[in-house]
Protein chains: 4
Amino acid sequence: MPRPKTGDKRAAILRAATETIAEDGVGASTASIAKAAAVAEGSLFRYFPDKDKLLNELYVELKLDVRHAMIAGFPVAGSLRKRVQHIWNAYVTWGMESPAKRKAMVQLAVSERITGQSRQEGQGGFEDATGAMQQLITQGKLSGLPLSFASDLLLAMAETTMTSMATNPAKAERYRTTGFEAFWSAAAKK
Amino acid sequence: MPRPKTGDKRAAILRAATETIAEDGVGASTASIAKAAAVAEGSLFRYFPDKDKLLNELYVELKLDVRHAMIAGFPVAGSLRKRVQHIWNAYVTWGMESPAKRKAMVQLAVSERITGQSRQEGQGGFEDATGAMQQLITQGKLSGLPLSFASDLLLAMAETTMTSMATNPAKAERYRTTGFEAFWSAAAKK
Amino acid sequence: MPRPKTGDKRAAILRAATETIAEDGVGASTASIAKAAAVAEGSLFRYFPDKDKLLNELYVELKLDVRHAMIAGFPVAGSLRKRVQHIWNAYVTWGMESPAKRKAMVQLAVSERITGQSRQEGQGGFEDATGAMQQLITQGKLSGLPLSFASDLLLAMAETTMTSMATNPAKAERYRTTGFEAFWSAAAKK
Amino acid sequence: MPRPKTGDKRAAILRAATETIAEDGVGASTASIAKAAAVAEGSLFRYFPDKDKLLNELYVELKLDVRHAMIAGFPVAGSLRKRVQHIWNAYVTWGMESPAKRKAMVQLAVSERITGQSRQEGQGGFEDATGAMQQLITQGKLSGLPLSFASDLLLAMAETTMTSMATNPAKAERYRTTGFEAFWSAAAKK
DNA sequence: GATGAATGAGGCTTCATTCAT
DNA sequence: GATGAATGAAGCCTCATTCAT
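Basis of the calculations
Residues numbered from 1 in each chain as written. Chains lettered and ligands numbered in written order. Predicted model: local features only at pLDDT ≥ 70, side-chain atom pairs only at ≥ 80, totals over all residues. Heavy atoms only, no water. Helix = DSSP H or I, 4+ residues; strand = E, 2+ residues; numbered from the N terminus. Buried < 20%, exposed > 50% of the residue type's maximum accessible area, 1.4 Å probe, protein only. Contact = heavy atoms within 4.5 Å. Areas by Shrake-Rupley, 256 points an atom, 1.4 Å probe, with all protein chains shown as cover. Salt bridge = Lys/Arg side-chain N within 4 Å of Asp/Glu carboxyl O. Phe/Tyr/Trp six-rings, centres within 6.5 Å; stacked < 30°, edge-to-face > 60°. Buried area = accessible area lost by both parts, 1.4 Å probe. Polar contact = N/O pair within 3.5 Å; in protein donor to acceptor, adjacent residues only side chain to side chain. Nonpolar A, V, L, I, M, F, W, Y, C, P; charged D, E, K, R; others polar. Least-squares fit on C-alpha atoms with pLDDT ≥ 70 in both. Domains from an automatic or database assignment. Expected span 1.5 Å × (residues − 1). Axes fitted to C-alpha atoms, helices over the stretch in contact; angles between N-to-C directions. Parallel < 35°, antiparallel > 145°, perpendicular 65-115°, else oblique. Left-handed = near helix turned anticlockwise from the far one by under 90°. Core = buried A, V, L, I, M, F, W, Y, C linked by side-chain atoms within 4.5 Å.

J.: What is the right way to look at the overall build of chain A in this model?
T.: Secondary structure assignment for chain A yields 10 helices and 0 strands. Along chain A, helices and strands appear, N-terminal first, in the series α-α-α-α-α-α-α-α-α-α. Taking the principal axes of the C-alpha coordinates as reference, chain A spans close to 60 × 35 × 30 Å. The buried share among the 190 residues of chain A stands at 46%. The contacts in chain A between residues at least 6 apart in sequence include a share of 69% that link residues at least 24 apart. Working note: accessible area of chain A is about 9,200 Å², and carbon and sulfur atoms make up 54% of it.

This is the structure we're talking about:
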């Protein structure tokens, strides 16, 4: 058996790509990514057939990562507010603890190189959260709007919130709370 | 006194850049932009010293364009709600009528090539609108948060709204209204 | 008016490609071709969109070149033998005077990168010669065989002849004559 | 006494190389050859020190293969015509039954990577055939020309014949016969 | 011995920018 | 001023070869 293809190396490339793309955008060169991963440029192409595939897999991976962050401690039996707040907090925490992941995600999300297929794959997966958002729509002010509207709105508002949190870390906690209240007011009944 | 020919060509390049960047992202080549502008490749560099300068000037220009759209018919003496709603409507209308401008703006806004200086320049300018947003913050739920939070929030929510409008044009009007109500609920007092 | 795209440069690239391919085969790098043409590598791609196009255009060009060599002094009203001999002589002379062109042609002819379209284009053009070959078939030993058989046979036999001529230049003239007689015996009546 | 496993693998690589080179030319990657041979990429280099050696050994091997095909049933005591016709038929049959071998041979024959040494080795070996060709030259129209001229000519004419046979299989037999008659007319006395 | 992961040199191509006309 | 041909650095990707397992 030859040297086995270590999952480690693939992960290292993905991690390096995250950081490099966060910094330089989707235009970051494969060379710079490989270097950041401490891997030869040729090696990168053993794990990803081409740059587009790398970009798309990273996108899906990051979406998966967010979802993981939301699953831990999800209050399945809690009130709607509790559940939505968990989603909000989990997302904001994830974003603040992994600024590179968050920035890379933003870059990838607006890139023409991410396929519809990948965006599809990025959506599904965490049914408890989806269910909560669905319920929020049905019972709230956004009644009649598509599910994606609510989730996109949460993402957008959380993004705005995080920008302020990053600018003024001292008031971060305050922003996180106010941001959620704003979202809740925007979406919940009454 | 006709505008000098020079101005026309510069404008043509900016217009072409808007469309090309909307389609291909910030990575669009200067050659493709020049071609879309029906201008020689080299001519582009007579109006913009380099690509970065073009990108930054386009960004500022687009921001200016949005502001222009907001000025027309601004209800200076109207209620706070009226004034904020005018901002919302003007922005959404601008975005829906100029999808290329909107898409280009999104691409530029997340690009690492847009300098802080340009972002600065892009902010200021329309005092009536700024005043309304300021008042909204002071008197509303977002009290204590920076001005930029409110405006960024409006932009983000409008962006989400426009995505839904574009996806389902039949319900566009409904989305625009619901979107505003959501924003108003999020930001206004009580 | 900017520097006009000189036909000279295109020709220089084609000439350089001929020599480089003659020496290194179709695998010759675009860099080596550009260098041989005393042109920047990027310039090569202003004249040919990609390497395949360069290869194919060179192929057609060389075929055209052969045909030109055959046209000069073609004895339109001569006997069949005279006309076929002219073709033979013109081809062999061309090959011996332009060894690089001949070698490059051989390389291109067997390459998978030359399209059927190019091979098509390479065929037609010199009707007097085609007519003579057609007549040779109809009236000779190869009656019933396709036209291409006769021309391919001539090419193949001439190629063999030239190899011997090159190996032993002292007897070149003798080889050329004997080669033709062999071809004539192979194809002509009786 | 079974052939050592080693020999099998070596043969598999050569067989795979034949097919791959027939299809993709000499530029076929060692990886693709290894894959076609169902062998690990690295294993190829246990049997051939480098790609050039593989190419050269394959060339010699294929030449040997042709010769084998000619030996079977060679009419040692037959007339000159019988013997030459056997050579012709054996070669054409070999080429038509093993199109990949034939195509690979063509590619290798024109490649700059095949050394003079290999070409040398490829020549000799089947004395009965060489003798017949020698006699054909001495007694025929090609008198005074080198031995290689006659054999190259046969090869070239057979190649042309096979091209036509492949294009129009229905008339294959007719082409094979006519081709031989053409060759015989070209080379034999009177 | 066999394997295939790892490598980096080198290949093709794009592109921002310069400059002769 | 305008043009677009020319350039070469840099980008993406392939590939022969090595070597740890």
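J.: Can you walk me through the pattern of salt bridges in this structure?
T.: Pairs can form between side chains of opposite charge once their charged atoms are near each other. Applying the stated criterion across every chain, the model contains 30 salt bridges over all chains. Of the charged contacts, one joins A:Glu57 and A:Arg10 as a salt bridge, the two residues approaching to 3.0 Å between their closest N and O atoms. Of the two residues, A:Glu57 sits in helix H4 (residues 51-71) while A:Arg10 sits in helix H1 (residues 7-24), which places them 47 residues apart along the sequence. One salt bridge in this structure joins B:Lys101 and B:Asp65, with 3.0 Å as the shortest N-O distance.

J.: What should I look at first to understand the arrangement of the chains in this one?
T.: One finds no contact linking chain A with chain C; the least C-alpha distance across the pair is 20 Å. The closest approach of any C-alpha atom in chain B to one in chain D is 33 Å; the two make no contact.

J.: Is there a simple way to explain the packing of aromatic side chains in this structure?
T.: The geometry of an aromatic ring pair is captured by the separation of the ring centres together with the interplanar angle, meaning the angle of the planes. Enumeration over the complete set of coordinates arrives at 20 aromatic pairs over all chains. When the ring of B:Phe74 is compared with that of B:Phe126, the centres are 5.3 Å apart and the planes differ by 80°; the resulting orientation is edge-to-face. Here B:Phe74, found in the loop between helix H4 (51-71) and helix H5 (80-97), pairs with B:Phe126, found in the loop between helix H7 (116-123) and helix H8 (127-139); they are 52 residues apart in sequence, far enough to count as distant. A relative accessible area of 9% places B:Phe74 in the buried class. When its relative accessible area of 8% is taken as the criterion, B:Phe126 is described as buried. A network of ring pairs unites the aromatic residues A:Trp88, A:Phe180, A:Phe183 and A:Trp184 as a single cluster.

J.: Hey, could you run me through the interface of chain D and chain C in this one?
T.: How big an interface is tends to be expressed through the accessible area that disappears when the partners come together. Listed per partner, the contact involves 28 residues of chain D and 28 residues of chain C. Of the roughly 2,300 Å² buried at the junction of chain D and chain C (both faces included), carbon and sulfur atoms supply 65%. Interface area lost by chain D to chain C is led by D:Val110, D:Phe149 and D:Thr160, which between them contribute 21%. Applying the counting rule to chain D against chain C returns 0 salt bridges. Between chain D and chain C we count 4 residue pairs in polar contact (both at pLDDT 80 or more) in total. When residues of the side of chain D that touches chain C are traced back to their parent elements, those giving at least two are helix H1 (5-24), helix H6 (99-109), helix H9 (147-167) and helix H10 (172-187) of chain D. Considering every element that reaches the side of chain D that touches chain C, the biggest residue donor is H9(D), with 8 residues. Looking at the side of chain D that touches chain C residue by residue, the class counts come to 12 nonpolar, 9 polar and 7 charged.

J.: What is the right way to read the relation of the copies chain A and chain B from this model?
T.: For the pair chain A and chain B, the best superposition has an RMSD of 0.2 Å and corresponds to a rotation of 179° with a translation of 0.0 Å parallel to the axis. One copy is carried onto the other by what is essentially a two-fold rotation axis. Considering only C-alpha atoms, the part of chain A nearest the rotation axis is A:Ala186, at 2.3 Å.

J.: Help me understand the domain arrangement of chain A, please; the structure alone is not making it clear to me.
T.: All names here are of chain A. Segmentation of chain A into domains returns domain 1 (1-48) and domain 2 (62-187). Computed over C-alpha atoms only, the centres of domain 1 and domain 2 are separated by 28 Å. Counting from both sides, the interface comprises 6 residues of domain 1 and, opposite them, 9 residues of domain 2. Interface area, domain 1 with domain 2, both sides summed: about 570 Å², of which 80% is carbon and sulfur. Per-residue buried area on domain 1 facing domain 2 is highest for Thr18, Ala22 and Val26; these three make up 73% of the total on that side. On the surface where domain 1 and domain 2 come into contact, there are 0 salt bridges. Applying the counting rule to domain 1 against domain 2 returns 0 residue pairs in polar contact (both at pLDDT 80 or more).

J.: Where do I start with H9(D) in this structure?
T.: For an α-helix, the turn length of 3.6 residues means that residues three or four places apart are oriented alike. Compared with the 30 Å implied by 1.5 Å per residue over 21 residues, the 31 Å span of H9(D) between its first and last C-alpha is a close match. Along H9(D), the residues classified as buried are D:Phe149, D:Ala150, D:Leu153, D:Leu154, D:Ala156, D:Met157, D:Ala158, D:Thr160, D:Thr161, D:Met162, D:Ser164 and D:Met165. Turning to H9(D), the residues buried within the fold contact helix H9 (147-167) and helix H10 (172-187) of chain C together with helix H5 (80-97), H6, helix H8 (127-139) and H10 of chain D.

J.: Got a minute to help me understand the interface of chain A and chain B in this structure?
T.: Between chain A and chain B, the residue contacts involve 28 residues of the former and 28 residues of the latter. Roughly 2,300 Å² of surface becomes buried between chain A and chain B when both sides are summed, with 65% attributable to carbon and sulfur atoms. The largest per-residue losses of area from chain A upon contact with chain B belong to A:Val110, A:Phe149 and A:Thr160, which jointly make up 21% of the total buried on that side. Run the count over chain A and chain B and you get 4 residue pairs in polar contact (both at pLDDT 80 or more). At the level of elements, H1, helix H6 (99-109), helix H9 (147-167) and helix H10 (172-187) of chain A are the ones that each hand at least two residues to the side of chain A that touches chain B.

J.: What is the right way to read the environment of B:Val26 from this model?
T.: Residue and element names in this part refer to chain B. Counting through the fold element by element, Val26 comes out in the loop between helix H1 (5-24) and helix H2 (30-36). C-alpha of Val26 to C-alpha of Met157: the two residues are 131 residues apart in sequence and 23 Å apart in space. Once residues within four sequence positions are removed from consideration, Val26 is found in contact with Ile21, Lys51, Leu55, Gln107, Leu108, Ser111 and Arg113.

J.: Which parts of the structure should I look at to understand the relation of the copies chain D and chain C?
T.: Look at the two chain copies: a rotation about an axis and a shift along it is all it takes to match them. The transform that puts chain D on chain C rotates by 179° and translates by 0.1 Å along the axis, for an RMSD of 0.2 Å. Of the residues that chain D buries at the interface, 100% are likewise interface residues in chain C, meaning the two copies contact each other through the same surface.

J.: Please clarify how the packing of helix H4 (residues 51-71) of chain C against helix H5 (residues 80-97) of chain C should be interpreted in this entry.
T.: Residue and element names in this part refer to chain C. Contact pair H4 / H5: the axes reach a minimum separation of 8 Å and the direction vectors enclose 125°. Taken together, the axes of H4 and H5 are oblique relative to one another. Once H4 is placed against H5, the crossing between them reads as right-handed. Note on element contacts: H5 touches H4 through His86, Ile87, Ala90, Tyr91 and Trp94, opposite Leu62, Asp65, Val66, Ala69 and Met70. Of the residues contributing to the contact of H4 with H5, the split by class is 8 nonpolar, 1 polar and 1 charged.

J.: What exactly am I supposed to notice about the packing of H5(C) against helix H8 (residues 127-139) of chain C here?
T.: Residue and element names in this part refer to chain C. Between H5 and H8, whose axes approach to 10 Å, the crossing angle comes to 125°. As the angle between them shows, H5 and H8 are arranged oblique. With respect to the hand of their crossing, H5 and H8 are arranged in left-handed fashion. Residue-level contacts link Leu80, Arg83, Val84 and Ile87 of H5 to Ala129, Ala132, Met133, Gln135, Leu136 and Gln139 of H8. For the contact of H5 with H8, the class distribution of residues is 7 nonpolar, 2 polar and 1 charged.

J.: I'm lost on the nonpolar core in this one. Help?
T.: In globular proteins that are soluble, nonpolar side chains generally tend to be buried together. Grouped together as the largest cluster of nonpolar side chains are 120 residues, with contacts concentrated most on C:Met157, C:Phe183, D:Leu136, D:Met157 and D:Phe183. If you look at the next biggest cluster of nonpolar residues, it comprises 119 residues, including A:Ala16, A:Val84, A:Val92 and B:Leu80.

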